[in-house]
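Fold and geometry: a report
Spelled out from the first residue to the last, the chains are:
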Amino acid sequence: LIILWLVVKREEFLPMNKSQANLMRKFLTYLTVEKSSSLLTVGNYERDIKSFAEFLLERFGEDFTWKQVGTLDIRAYLTELNKKDYSRRTIARRISALRSFYKYMVRENILESNPFTKVKTPKLEKKLPVFLEEVEINELLELPEPEGLGLRDQAILELLYATGCRVSELVGLTLERVDLSAQYVLLLGKGNKERIVPLGTTCCNAIREYYGIREKLIQKYNVPVHNFIFVNNRGGVLTDRSVRRILDKYITELAVNKKVSPHTIRHTFATHLLDHGADLRAVQELLGHANLSTTQIYTHVTTERITSAYKKNHPRA
């Protein structure tokens, strides 16, 4: 509901009339309440719709309606985005957001048809995910100090690599969702879908050692009791931005020539599992992917590595 408050607060800045803005707010409510979309996702949809509204404002004037948009208007919008040198990925994301918005209006019987179904999104080059080699991830996991907040950082890095969880899943993790004796964690993923992921002994030990620091920080700063596992240096709930800063610190120390984020650790988790013979569908379940095709990108990674190793090492390659 926070996103709804933000939308209402910014109403005077919306590049559209009240009626059209109201339709957008209803769509954002639908995403938040019914689709359980994250605040980040809802915020991205809002920005993409407002960008299109600015285009329509120039094209039709301040009394434009969503209903009057046709295929030619959408193509004109695509032309403008290309003139402004937006990347294919950004254009594809905007069209996807608008297609969803219009699909919602058809669903609510506001429109009879969705003009965006007739428009093809730009084809994207398939980029293979960046990941850390086994020697690199092992060196990374050895960097945190074995005391104080270093124990928290160790637990964070171990959990990211042990489970392949998203950073949002990590910061949202609560005490009752981790069973160290049975060695598993219950992760809450996209769309509030739960999945059970095993934990290795090393990860469990790291979390156990960290729990003592967590309690000390909460007591020291008299923080209201909460169940979130990971805390900041004053006992409050850790944010995803803070996790990124923590990882950046250690990546700088590691000095690898790669752009590494928490999601890179997720890619590393999947790649290493497949490298060691894991079944693709098992990896799909562990990652919480709705479609197997999303997981299949990692098979391209492993295949490319095998091919590279063959060409490099076979005498007659």
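Below you will find a few notes about this structure. Starting from 1, residues in each chain are numbered consecutively following that chain's sequence as written. In keeping with the model being predicted, local features are shown solely for residues with a pLDDT of at least 70 and side-chain atom pairs are shown and tallied solely at 80 or more, while totals for entire chains, interfaces and linings include all residues. The side-chain values count all of the structure's non-hydrogen atoms but skip hydrogen atoms and water molecules.

1. Remarks on the nonpolar core
In summary, soluble globular proteins display a tendency toward joint burial of nonpolar side chains. By size, the foremost hydrophobic cluster in this structure holds 52 residues, and its most contacted members are L140, I156, L159, L170, L199, F230 and I265. Each helix is a run of H or I in the DSSP string that is no shorter than four residues. Each strand is a run of E no shorter than two, and both are numbered from the N terminus. Broken down by element, this core gets its largest block of residues, 7 residues, from helix 9 (residues 201-220). Contacts were defined at the residue level, with two residues in contact if any of their heavy atoms lie within 4.5 Å. In contact with L170, other than residues within four places in its own chain, are I156, L159, L160, C165, F230 and V243. Grouped together as the second largest cluster of nonpolar side chains are 33 residues, Y30, L56, W66 and V69 included. To form a nonpolar core, buried Ala, Val, Leu, Ile, Met, Phe, Trp, Tyr and Cys residues must be joined to one another through side-chain atoms within 4.5 Å. Burial classes follow relative accessibility: with a 1.4 Å probe on protein chains only, a residue under 20% of its type's maximum area counts as buried, one over 50% as exposed, and anything between as partly exposed.

2. So, the packing of aromatic side chains
The pairing test for Phe, Tyr and Trp rings, Trp by its six-membered ring, is centres within 6.5 Å, and the orientation test on the planes gives stacked under 30 degrees, edge-to-face over 60, and tilted for anything in between. A full pass over the atoms with the stated rule returns 16 aromatic pairs. Geometrically, the ring pair formed by F52 and W66 is stacked, given 6.5 Å between the ring centres and 15° between the ring planes. Residue F52 is located in helix 3 (residues 39-60), and its partner W66 is located in the loop between helix 3 and helix 4 (71-83); the two are separated by 14 residues in the primary sequence. A ring pair is formed by F55 and Y77, whose centres lie 5.2 Å apart and whose planes are at 50°; its orientation type is tilted. Taken together, the residues F55 in helix 3 and Y77 in helix 4 connect sequence positions 22 residues apart. Taken as a pair, F55 and Y77 share a single burial class, namely buried. Ring pairs connect the aromatic residues F27, Y30, Y45, F52, F55, F64, W66, Y77, F101, Y102, Y104 and F116, which therefore count as one cluster. The side chain of R94 reaches across the aromatic face of Y86, ending 4.6 Å from its centre. Put simply, a charge is over a ring when the Lys NZ or the Arg CZ is close to the ring centre, within 6 Å, and near the line of the ring normal, within 35 degrees. We note K258 situated over the ring of F131; from NZ or CZ to the ring centre the distance is 5.8 Å.

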